[in-house]
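What the coordinates show
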Amino acid sequence: MIRLSGEIEALVLTEDQATKIRYQLLEFIPARRCIVHRGPGIVIEVAGREPDELAPGILRRIEQIAECTFRVESAPDGSSKA
């Protein structure tokens, strides 16, 4: 699973930002499931995919939408911040 962790701990995404990010990941990776924890402490999880499948252009677009940078990590499927 791909886990993107926002570098700005106090940041909270709006519902609109979360929807746009979810769309980008579901359409362009493509992924079957994407969970966006809006924050504070943004975490985005994309099940069934690995970090090397996240193209740099998609990551840049997500960072533009969220207005922050992300740390890209691999995590076992089924682990969740919730």
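The structure this text deals with has already been given above.
Below you will find a few notes about this structure. Remember, it's a predicted structure, so these values are computed and weren't measured experimentally.

Time to look at helix H2 (residues 56-66). Buried residues of H2: Ile58, Leu59, Ile62, Glu63, Ile65 and Ala66, and no others. Take H2 and look down its axis: the buried residues cluster within an arc of 160°, on one side only. Facing away from the buried side of H2 by more than 90 degrees, the exposed set consists of Pro56, Arg60 and Gln64. Buried residues in H2 make contact with strand E1 (2-6), helix H1 (15-28), strand E3 (43-46) and strand E4 (70-74). Backbone geometry just after H2 places Glu67 at a positive phi near 60°.

This paragraph deals with unusual backbone geometry. A cis amide bond links Ile29 to the next residue, Pro30, at an omega of -20°. Assignment of secondary structure puts Pro30 in the loop between H1 and strand E2 (34-37). For the bond running from Gly39 to Pro40, omega is 5°, close enough to zero to count as cis. Here Pro40 is to be found in the loop between E2 and E3. Residue Glu67 is not a glycine yet carries a positive backbone phi of 60°. In this structure, Glu67 sits in the loop between H2 and E4.

So, how was this worked out
Residues numbered from 1 in each chain as written. Predicted model: local features only at pLDDT ≥ 70, side-chain atom pairs only at ≥ 80, totals over all residues. Heavy atoms only, no water. Buried < 20%, exposed > 50% of the residue type's maximum accessible area, 1.4 Å probe, protein only. Helix = DSSP H or I, 4+ residues; strand = E, 2+ residues; numbered from the N terminus. Arc of directions from axis to C-beta. Contact = heavy atoms within 4.5 Å.

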